[in-house]
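Tertiary structure, described
So the chains spell out like this:
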Amino acid sequence: MKFAILINEGPYTHQASDTAFHFAKAVLARGHEIFRVFFYHDGVNNATRLTTPPQDDRNIVDRWSKLATGSELDMVVCVAAAQRRGIVDDGEMKRNGKDATNLAPGFRISGLGQLVEAGIQADRIVVFGD
Amino acid sequence: MLHIINKSPYDRPALDSALQTGEGGILFTEDGVYAIAKGGAAEAKIKAAQGKFKFYALGADIDARGLSDRVMEGISVVDYGGFVDLVAEYKTNQSWL
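Residues numbered from 1 in each chain as written. Chains lettered and ligands numbered in written order. Predicted model: local features only at pLDDT ≥ 70, side-chain atom pairs only at ≥ 80, totals over all residues.

1. Some thoughts on the overall build of chain B
Within chain B, the secondary structure is distributed over four helices and five strands. When its helices and strands are written in sequence order, chain B yields β-α-β-α-β-α-β-α-β. In terms of overall dimensions, chain B is globule-like: its C-alpha atoms have a radius of gyration of 12 Å, near the 13 Å expected for 97 residues. Principal axes of the C-alpha set define a box for chain B whose edges measure 30 × 25 × 25 Å. Across the 97 residues that make up chain B, the buried fraction comes to 39%. Of the contacts formed within chain B by residues at least 6 apart in sequence, a portion of 63% connects residues at least 24 apart. (Helix = DSSP H or I, 4+ residues; strand = E, 2+ residues; numbered from the N terminus. Rg over C-alpha atoms; globule rule 2.2 N^0.38 Å. Buried ≥ 20, exposed ≤ 12 C-beta atoms within 10 Å, placed from the backbone. Contact = placed C-beta atoms within 7 Å.)

2. Re the nonpolar core
Ile5, Phe23, Val37, Phe39, Ala47 and Val77 of chain A together with Phe28 of chain B are the most contacted members of the largest nonpolar core, which has 65 residues in total. Counting residues per element, this core draws most heavily on helix α1 (residues 16-29) of chain A, at six residues. Aside from chain neighbours lying at most four places away, what touches Val77 of chain A is Phe39, Val44, Ala47, Ala82, Ile87, Phe107, Arg108 and Ile109 of chain A. (Core = buried A, V, L, I, M, F, W, Y, C linked by C-beta atoms within 7 Å.)

3. Topic: the interface of chain A and chain B
On the side of chain B, 11 residues touch chain A, which itself brings 17 residues to the contact. Going through the elements one at a time, α1 and β5 (124-128) of chain A are the ones with two or more residues in the side of chain A that touches chain B. For the side of chain A that touches chain B, the per-class residue count stands at eight nonpolar, six polar and three charged. (Nonpolar A, V, L, I, M, F, W, Y, C, P; charged D, E, K, R; others polar.)

4. Topic: the packing of α1 of chain A against helix α2 (residues 60-71) of chain A
Each pair of packed helices can be summarised by the angle the axes make with each other and by the distance between the axes. Residue and element names in this part refer to chain A. Following both chains from N to C, one finds α1 and α2 inclined at 20°, their axes separated by 11 Å at the closest point. In terms of orientation, α1 and α2 fall into the roughly parallel class. For the element pair α1 and α2, the recorded crossing hand is left-handed. Along the contact surface, α1 presents Ser17, Phe21, Ala24, Lys25 and Leu28, while α2 presents Ile60, Arg63, Trp64, Leu67 and Ser71. Residue composition of the contact of α1 with α2, grouped by class: six nonpolar, two polar and two charged. (Axes fitted to C-alpha atoms, helices over the stretch in contact; angles between N-to-C directions. Parallel < 35°, antiparallel > 145°, perpendicular 65-115°, else oblique. Left-handed = near helix turned anticlockwise from the far one by under 90°.)

5. Quick notes on the sheet that holds strand β4 (residues 75-78) of chain B
Residue and element names in this part refer to chain B. In space, the five strands of this open sheet follow the order β4-β3-β2-β1-β5, with parallel pairing throughout. In this open sheet, the two edge strands, each paired with only one partner strand, are β4 and β5 (93-96). Sheet twist, expressed as the average angle between the axes of neighbouring strands with direction ignored, equals 25°. For strand β1 (residues 2-5) and β5, the ladder comprises four bridges, and the chain directions are parallel. The partner of Ile5 across the bridge, within β5, is Trp96. (Pairing = 2+ DSSP bridges.)

6. Here's the deal with unusual backbone geometry
One non-glycine residue, Tyr12 of chain A, lies in positive phi territory at about 60°. If you trace the backbone, Tyr12 of chain A turns up in the loop between β1 (2-7) and α1. Under the C-beta neighbour-count criterion, Tyr12 of chain A is labelled partly exposed, with 16 such atoms within 10 Å. Unlike most non-glycine residues, Glu30 of chain B shows phi in positive territory, near 45°. Inspection of the secondary structure assignment puts Glu30 of chain B in the loop between β2 (24-28) and α2 (43-49). By C-beta crowding, Glu30 of chain B is classed as buried, having 23 other C-beta atoms within 10 Å.

Structural measurements only, silent on function.
Structure, rendered in C-alpha coordinates:
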(Lines give C-alpha, C1' and ligand atoms only; values in the text may rest on other atoms or scores of the structure.)
Protein backbone atom coordinates (compact mmCIF):
# COMPACT_ATOMS: atom_id res chain seq x y z
CA MET A 1 0.00 0.00 0.00
CA LYS A 2 1.16 3.56 -0.75
CA PHE A 3 1.24 6.00 2.17
CA ALA A 4 1.69 9.76 2.24
CA ILE A 5 2.54 11.70 5.39
CA LEU A 6 1.77 15.36 6.10
CA ILE A 7 3.62 17.08 8.97
CA ASN A 8 2.32 20.45 10.15
CA GLU A 9 4.32 20.87 13.36
CA GLY A 10 7.94 21.78 14.00
CA PRO A 11 10.50 19.70 15.88
CA TYR A 12 10.73 19.88 19.70
CA THR A 13 7.30 21.49 19.92
CA HIS A 14 4.94 18.79 21.09
CA GLN A 15 5.23 15.29 19.74
CA ALA A 16 3.87 15.28 16.20
CA SER A 17 7.22 15.15 14.40
CA ASP A 18 8.35 12.28 16.63
CA THR A 19 5.14 10.32 16.11
CA ALA A 20 5.33 10.92 12.36
CA PHE A 21 8.91 9.66 12.28
CA HIS A 22 8.11 6.45 14.18
CA PHE A 23 5.02 5.99 12.00
CA ALA A 24 7.10 6.41 8.81
CA LYS A 25 9.61 3.83 9.99
CA ALA A 26 6.80 1.40 10.85
CA VAL A 27 5.20 1.91 7.41
CA LEU A 28 8.47 0.86 5.76
CA ALA A 29 8.99 -2.01 8.24
CA ARG A 30 5.53 -3.36 7.30
CA GLY A 31 6.65 -3.48 3.67
CA HIS A 32 4.50 -0.56 2.51
CA GLU A 33 5.69 2.30 0.32
CA ILE A 34 5.89 5.97 1.32
CA PHE A 35 5.00 8.04 -1.74
CA ARG A 36 5.99 11.33 -0.09
CA VAL A 37 6.46 13.13 3.23
CA PHE A 38 5.22 16.71 2.96
CA PHE A 39 6.27 19.37 5.48
CA TYR A 40 3.85 22.27 5.77
CA HIS A 41 3.25 25.24 8.11
CA ASP A 42 5.67 25.04 11.10
CA GLY A 43 6.53 21.54 9.91
CA VAL A 44 9.08 23.11 7.54
CA ASN A 45 11.28 23.75 10.60
CA ASN A 46 12.04 20.01 10.56
CA ALA A 47 14.24 20.74 7.53
CA THR A 48 16.91 23.10 8.88
CA ARG A 49 20.36 21.53 9.10
CA LEU A 50 21.45 24.19 11.64
CA THR A 51 19.75 22.65 14.67
CA THR A 52 22.07 21.54 17.48
CA PRO A 53 20.12 19.68 20.16
CA PRO A 54 21.97 18.53 23.31
CA GLN A 55 24.07 15.41 22.71
CA ASP A 56 21.83 13.20 24.85
CA ASP A 57 18.67 14.33 23.03
CA ARG A 58 17.36 12.95 19.75
CA ASN A 59 18.33 14.90 16.65
CA ILE A 60 15.00 15.15 14.87
CA VAL A 61 16.34 16.77 11.69
CA ASP A 62 19.24 14.32 11.26
CA ARG A 63 16.88 11.46 11.92
CA TRP A 64 14.66 12.52 9.00
CA SER A 65 17.70 13.11 6.77
CA LYS A 66 19.07 9.64 7.50
CA LEU A 67 15.70 8.00 6.92
CA ALA A 68 15.37 9.83 3.59
CA THR A 69 18.79 8.85 2.30
CA GLY A 70 18.56 5.27 3.61
CA SER A 71 15.08 4.60 2.22
CA GLU A 72 15.06 7.02 -0.74
CA LEU A 73 12.13 8.92 0.75
CA ASP A 74 10.78 11.93 -1.11
CA MET A 75 10.64 14.65 1.57
CA VAL A 76 9.15 17.88 0.31
CA VAL A 77 9.09 21.24 2.10
CA CYS A 78 6.38 23.75 1.14
CA VAL A 79 8.07 26.71 -0.54
CA ALA A 80 5.76 29.44 0.77
CA ALA A 81 5.91 28.12 4.34
CA ALA A 82 9.71 27.80 4.01
CA GLN A 83 10.15 31.37 2.76
CA ARG A 84 8.22 32.72 5.72
CA ARG A 85 10.30 30.74 8.21
CA GLY A 86 13.75 31.10 6.64
CA ILE A 87 14.26 27.60 5.28
CA VAL A 88 16.48 28.15 2.25
CA ASP A 89 18.12 26.05 -0.48
CA ASP A 90 20.47 27.25 -3.26
CA GLY A 91 17.65 28.20 -5.60
CA GLU A 92 15.75 30.16 -2.96
CA MET A 93 18.96 31.88 -1.82
CA LYS A 94 19.61 33.22 -5.31
CA ARG A 95 15.98 34.03 -6.05
CA ASN A 96 15.46 35.98 -2.83
CA GLY A 97 18.92 37.54 -2.50
CA LYS A 98 19.85 35.74 0.73
CA ASP A 99 23.42 35.04 1.87
CA ALA A 100 23.05 31.49 3.20
CA THR A 101 21.27 28.17 2.85
CA ASN A 102 20.13 25.78 5.59
CA LEU A 103 18.11 23.01 3.96
CA ALA A 104 19.12 19.66 5.46
CA PRO A 105 20.15 16.71 3.22
CA GLY A 106 17.27 14.59 1.95
CA PHE A 107 14.76 17.47 1.80
CA ARG A 108 13.70 19.46 -1.25
CA ILE A 109 11.67 22.65 -1.50
CA SER A 110 8.65 22.60 -3.81
CA GLY A 111 5.05 23.69 -4.07
CA LEU A 112 1.70 22.70 -2.64
CA GLY A 113 0.93 20.77 -5.82
CA GLN A 114 3.23 18.09 -4.42
CA LEU A 115 0.83 17.63 -1.50
CA VAL A 116 -2.17 17.44 -3.83
CA GLU A 117 -0.38 14.87 -5.96
CA ALA A 118 0.48 12.82 -2.84
CA GLY A 119 -3.20 12.87 -1.86
CA ILE A 120 -4.15 11.55 -5.28
CA GLN A 121 -1.39 8.98 -5.75
CA ALA A 122 -1.26 7.50 -2.23
CA ASP A 123 -3.82 5.01 -0.91
CA ARG A 124 -3.66 6.65 2.53
CA ILE A 125 -2.56 10.06 3.77
CA VAL A 126 -1.99 10.61 7.49
CA VAL A 127 -1.70 14.06 9.06
CA PHE A 128 0.55 14.80 12.03
CA GLY A 129 0.32 18.15 13.77
CA ASP A 130 -0.83 20.19 16.67
CA MET B 1 -13.26 5.95 9.43
CA LEU B 2 -10.31 5.88 11.80
CA HIS B 3 -10.22 8.92 14.05
CA ILE B 4 -6.76 9.81 15.36
CA ILE B 5 -6.80 11.89 18.55
CA ASN B 6 -3.51 13.28 19.86
CA LYS B 7 -4.74 15.78 22.44
CA SER B 8 -5.89 15.16 26.00
CA PRO B 9 -9.67 15.12 26.62
CA TYR B 10 -8.92 17.67 29.37
CA ASP B 11 -7.53 20.00 26.71
CA ARG B 12 -9.69 19.64 23.59
CA PRO B 13 -13.14 18.28 22.72
CA ALA B 14 -11.80 16.09 19.88
CA LEU B 15 -13.20 12.89 21.41
CA ASP B 16 -16.71 14.40 21.56
CA SER B 17 -16.42 15.49 17.92
CA ALA B 18 -15.26 12.05 16.82
CA LEU B 19 -18.05 10.30 18.75
CA GLN B 20 -20.64 12.45 17.01
CA THR B 21 -19.77 10.79 13.70
CA GLY B 22 -21.65 7.69 14.90
CA GLU B 23 -19.32 4.74 14.32
CA GLY B 24 -15.80 3.68 13.41
CA GLY B 25 -12.44 3.39 15.10
CA ILE B 26 -10.75 5.82 17.47
CA LEU B 27 -6.99 5.71 18.02
CA PHE B 28 -5.51 7.72 20.88
CA THR B 29 -1.89 8.86 20.50
CA GLU B 30 0.38 11.33 22.33
CA ASP B 31 -1.57 13.22 25.05
CA GLY B 32 -4.75 11.69 23.63
CA VAL B 33 -4.00 8.53 25.62
CA TYR B 34 -5.10 10.28 28.81
CA ALA B 35 -8.64 9.44 27.65
CA ILE B 36 -8.20 5.72 28.32
CA ALA B 37 -7.22 6.02 31.99
CA LYS B 38 -9.48 4.19 34.43
CA GLY B 39 -11.33 6.68 36.60
CA GLY B 40 -10.77 9.52 34.13
CA ALA B 41 -13.32 12.00 32.86
CA ALA B 42 -13.59 10.28 29.46
CA GLU B 43 -14.18 6.78 30.85
CA ALA B 44 -17.99 6.96 30.85
CA LYS B 45 -18.11 8.37 27.30
CA ILE B 46 -15.88 5.63 25.99
CA LYS B 47 -17.84 2.89 27.77
CA ALA B 48 -21.12 4.21 26.40
CA ALA B 49 -19.73 4.24 22.84
CA GLN B 50 -18.07 0.82 22.85
CA GLY B 51 -20.92 -0.77 20.90
CA LYS B 52 -20.48 1.63 18.00
CA PHE B 53 -16.76 2.41 18.09
CA LYS B 54 -13.61 0.35 18.48
CA PHE B 55 -10.98 2.02 20.66
CA TYR B 56 -7.22 1.78 20.28
CA ALA B 57 -4.30 3.49 22.01
CA LEU B 58 -0.58 3.73 21.26
CA GLY B 59 1.37 1.70 23.84
CA ALA B 60 4.54 3.81 23.75
CA ASP B 61 2.57 6.93 24.62
CA ILE B 62 0.68 5.13 27.41
CA ASP B 63 4.00 3.99 28.92
CA ALA B 64 5.56 7.45 28.56
CA ARG B 65 2.74 8.90 30.68
CA GLY B 66 2.80 6.24 33.40
CA LEU B 67 -0.68 4.97 32.51
CA SER B 68 0.20 1.32 31.85
CA ASP B 69 -1.59 0.13 35.00
CA ARG B 70 -4.68 2.23 34.36
CA VAL B 71 -5.80 1.15 30.88
CA MET B 72 -9.59 0.71 30.72
CA GLU B 73 -11.12 -2.55 29.58
CA GLY B 74 -12.02 -2.72 25.91
CA ILE B 75 -9.05 -0.65 24.72
CA SER B 76 -6.71 -2.37 22.26
CA VAL B 77 -3.14 -1.26 22.89
CA VAL B 78 -1.11 -1.11 19.66
CA ASP B 79 2.50 -0.33 18.71
CA TYR B 80 3.55 1.81 15.74
CA GLY B 81 3.21 -1.20 13.44
CA GLY B 82 -0.34 -1.62 14.74
CA PHE B 83 -0.94 2.08 14.02
CA VAL B 84 0.08 1.44 10.40
CA ASP B 85 -2.19 -1.62 10.23
CA LEU B 86 -5.16 0.44 11.47
CA VAL B 87 -4.59 3.14 8.85
CA ALA B 88 -4.48 0.42 6.21
CA GLU B 89 -7.55 -1.36 7.61
CA TYR B 90 -9.82 1.71 7.69
CA LYS B 91 -10.44 3.19 4.26
CA THR B 92 -10.25 6.77 5.55
CA ASN B 93 -8.67 8.50 8.55
CA GLN B 94 -9.00 11.86 10.25
CA SER B 95 -6.49 13.45 12.60
CA TRP B 96 -8.39 15.70 14.98
CA LEU B 97 -5.84 18.52 15.28
